[in-house]
Amino acid sequence: MPDVRTESGRAGLEAMVNDPGGAVIGLDFDGTLSPIVTDPSAAWIHPAAPSALIRLAEVVRRIAVVTGRPPGTALALGDTPEGPDLVEVPGLVILGQYGIERWEGGEITSPPPPAGLTKIRAELPALLSGLEGVTIEDKGRALAVHTRSCPDPDAALEALRAPLVELAAVNGLVVEPGRKVLELRGPGVDKGKALKELLAAERARSVMFVGDDLGDLAAFEAVASVDIPGVRVCSGSAEVTALAEQADVVVDGPDGVVAFLEDLLKSIASREQ
Ligand SMILES: O=P(O)(O)OC[C@H]1O[C@H](O[C@H]2O[C@H](CO)[C@@H](O)[C@H](O)[C@H]2O)[C@H](O)[C@@H](O)[C@@H]1O
């Protein structure tokens, strides 16, 4: 296993290995299960991730993907060319769009989109005009403004931050910042709230959350604040450092995440023998 930097992380991992039946594992999608790519519609899952998750799901209480994506998009991008697909993970729950949408067993619950979104959708193109490379990803109940294809993605992000915060606020929405992206979405949900509700519903006895981006900080805070052992795993990148600073374990991107899950499986198997 990679180095666990904290006492609480070691206790969390030990609890999962000794009592996997009480463990809930939450994972972010982009940058954690799928490598970051320029085109959001081509962010396919790591080909070895579903297989590892399927075997883990057979021994832990619950696997949840907790993502900014709509559940249907995470499932579509969870297809692999040869191996099993994400949808085959037994008991899988997807808490999508930061937890406001839920998919389980083919059923999806999704409240109506926030009222202000229609006006933002109409006004956004004018606000972005003249900014080379900026793209809009329409997620039905949120709009993500991407700058990864801009000549200077960070400068474009900074130039857009204040006007997008203003546009979101006057229409009752909030801005969720991420990796070369500013997302306009409804308030009142985050990955921490979503994870805490799942842990309570599952009566979890331990928790692990794996993430890579600023939106995952709320889930890390949830792991640290609930009254069960927990481990926070960062899928590390040069783009985001804030999460690594809070993590118990840092691995090297989605390759490192899959290797970590495989190591966890081995530890559980050797403990069970
Ligand atoms: O919560 P997540 O599963 O991490 O989703 C967060 C956002 O991820 C996606 O954008 C990021 O990944 C793209 C594909 O690799 C990349 O092009 C982009 O720069 C990243 O910010 C997704 O497109 C968003 O809708 C998600 O909210």
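What you are looking at is a predicted structure, and each value in this text was computed from that prediction instead of being measured.

Rules of the game
Residues numbered from 1 in each chain as written. Predicted model: local features only at pLDDT ≥ 70, side-chain atom pairs only at ≥ 80, totals over all residues. Helix = DSSP H or I, 4+ residues; strand = E, 2+ residues; numbered from the N terminus. Rg over C-alpha atoms; globule rule 2.2 N^0.38 Å. Contact = placed C-beta atoms within 7 Å. Expected span 1.5 Å × (residues − 1). Buried ≥ 20, exposed ≤ 12 C-beta atoms within 10 Å, placed from the backbone. Near = placed C-beta within 6 Å. Nonpolar A, V, L, I, M, F, W, Y, C, P; charged D, E, K, R; others polar. Domains from an automatic or database assignment. pLDDT = per-residue confidence, 0-100. Pairing = 2+ DSSP bridges. Right-handed = clockwise from strand over helix to strand, strands pointing away. Axes fitted to C-alpha atoms, helices over the stretch in contact; angles between N-to-C directions. Parallel < 35°, antiparallel > 145°, perpendicular 65-115°, else oblique. Left-handed = near helix turned anticlockwise from the far one by under 90°.

Student: I would appreciate a short explanation of the overall build of the protein chain in the present structure.
Tutor: In terms of helices and strands, the protein chain carries nine helices and twelve strands. Computed over its C-alpha atoms, the radius of gyration of the protein chain comes to 18 Å, within 12% of the 19 Å expected for a compact globule of 273 residues. Each principal axis of the C-alpha atoms in the protein chain carries an extent, and together these give about 65 × 40 × 35 Å. Counting contacts in the protein chain only where the partners sit at least 6 residues apart, residues at least 24 apart contribute 65% of the total.

Student: I tried to follow helix H5 (residues 153–170) on my own but got confused; where do I start?
Tutor: Owing to its 3.6 residues per turn, the α-helix brings residues three or four apart onto one side. Its 18 residues place the ends of H5 26 Å apart at the C-alpha level, agreeing with the 26 Å of an ideal helix rising 1.5 Å per residue. What H5 keeps buried is the set Ala-156, Leu-157, Leu-160, Leu-164, Leu-167 and Ala-168. Structurally, H5 contributes buried residues whose contacts are with helix H4 (117–128), strand E7 (142–146), strand E8 (174–178) and strand E9 (181–185). One or two positions beyond H5, positive phi appears at Gly-172, with a value near 75°.

Student: Where do I start with the site of the ligand in this structure?
Tutor: In the region of the ligand, 24 residues are neighbours, and Phe-29, Asp-30, Pro-40, Thr-67 and Gly-68 sit closest. Put simply, the parts of the chain that give the shell around the ligand at least two residues each are E7 and E9. Classifying every residue of the shell around the ligand by side-chain character gives seven nonpolar, seven polar and ten charged. Lining the shell around the ligand are residues from two domains, each supplying at least three of them: domain 1 (7–111 + 189–272) and domain 2 (117–185).

Student: Just to check I follow, could you spell out the confidence of the model for the protein chain for this structure?
Tutor: Looking at the protein chain as a whole, its pLDDT mean stands at 97, while 100% of the residues score no less than 70. For this predicted complex, the interface confidence comes out at an ipTM of 0.99, alongside a pTM of 0.97.

Student: Would you take a moment to explain the pairing of strand E3 (residues 93–96) for this structure?
Tutor: Each regular strand shows side chains that alternate between the opposite faces of the sheet. Burial along E3 is two-sided: the residues Val-93 and Leu-95 and Ile-94 and Gly-96 are all buried. Here three bridges tie strand E2 (residues 62–66) to E3, and the two strands are oriented parallel to one another. Looking at E3, one finds that Val-65 is bridged to Ile-94. Handedness of the E2-helix H3 (residues 71–77)-E3 crossover: right-handed.

Student: Please explain the environment of Thr-241 as it appears in this structure.
Tutor: Assignment of secondary structure puts Thr-241 in the loop between strand E11 (230–235) and helix H8 (242–246). Look at Thr-241 and you get exposed, because 10 C-beta atoms sit within 10 Å. Separated by 168 residues in sequence, Thr-241 and Thr-73 have C-alpha atoms that sit 27 Å apart.

Student: I tried to follow the packing of helix H2 (residues 49–57) against helix H9 (residues 253–272) on my own but got confused; where do I start?
Tutor: Two quantities define a packed helix pair, namely the angle between the helix axes and the distance between the axes. With their axes 10 Å apart at the nearest point, H2 and H9 run at an angle of 25° to one another. Of the possible angle classes, the one that applies to H2 and H9 is roughly parallel. Seen from above, H2 lies across H9 with left-handed handedness. Each of Ala-49, Ala-52, Arg-55 and Leu-56 in H2 lies in contact with H9, whose residues at this interface are Val-258, Leu-261, Glu-262 and Leu-265. Classifying every residue of the contact of H2 with H9 gives six nonpolar, no polar and two charged.

Student: When you look at the environment of Trp-103 in this model, what are you seeing that I'm missing?
Tutor: Residue position: Trp-103 is located in strand E4 (residues 101–104). Given 21 C-beta atoms within 10 Å, Trp-103 falls into the buried group. Considering only alpha carbons, one finds Trp-103 and Pro-71, 32 residues apart in sequence, at a separation of 6.2 Å. Those residues in contact with Trp-103 that lie beyond four places of it in its chain are Pro-71, Ile-94, Gly-96 and Ile-108.

Student: Mind showing me how you'd approach the domain arrangement of the protein chain here?
Tutor: Where interface size is given, it is often the accessible area lost as the parts come together that is meant. Segmenting the protein chain into domains produces domain 1 (7–111 + 189–272) and domain 2 (117–185). Spacing between the C-alpha centres of domain 1 and domain 2 amounts to 27 Å. Each partner contributes residues to the interface: domain 1 has 13 residues there, and domain 2 has 14 residues. Its residues placed into classes, the side of domain 1 that touches domain 2 shows six nonpolar, five polar and two charged.

Student: Looking at this model, I keep getting lost on the sheet that holds strand E1 (residues 23–27). Mind explaining?
Tutor: Within a sheet, neighbouring strands are paired by backbone hydrogen bonds and run either parallel or antiparallel to one another. Ordered by their spatial adjacency, eight strands build an open sheet running E5-E4-E3-E2-E1-E10-E11-E12, and the pairing between neighbours is mixed. Two strands in the sheet have a free side with no partner beyond their single neighbour: strand E5 (107–109) and strand E12 (249–251). Strand after strand, the sheet turns through a mean of 15° between neighbouring axes, direction not considered. Note that E1 and strand E10 (residues 206–211) share five bridges and pair parallel. Paired with Leu-27 across the two strands is Val-210, which belongs to E10. The sheet strands contacting helix H7 (residues 217–225) are E1, E2, E10 and E11, and the helix crosses E10 at an angle near 160°.

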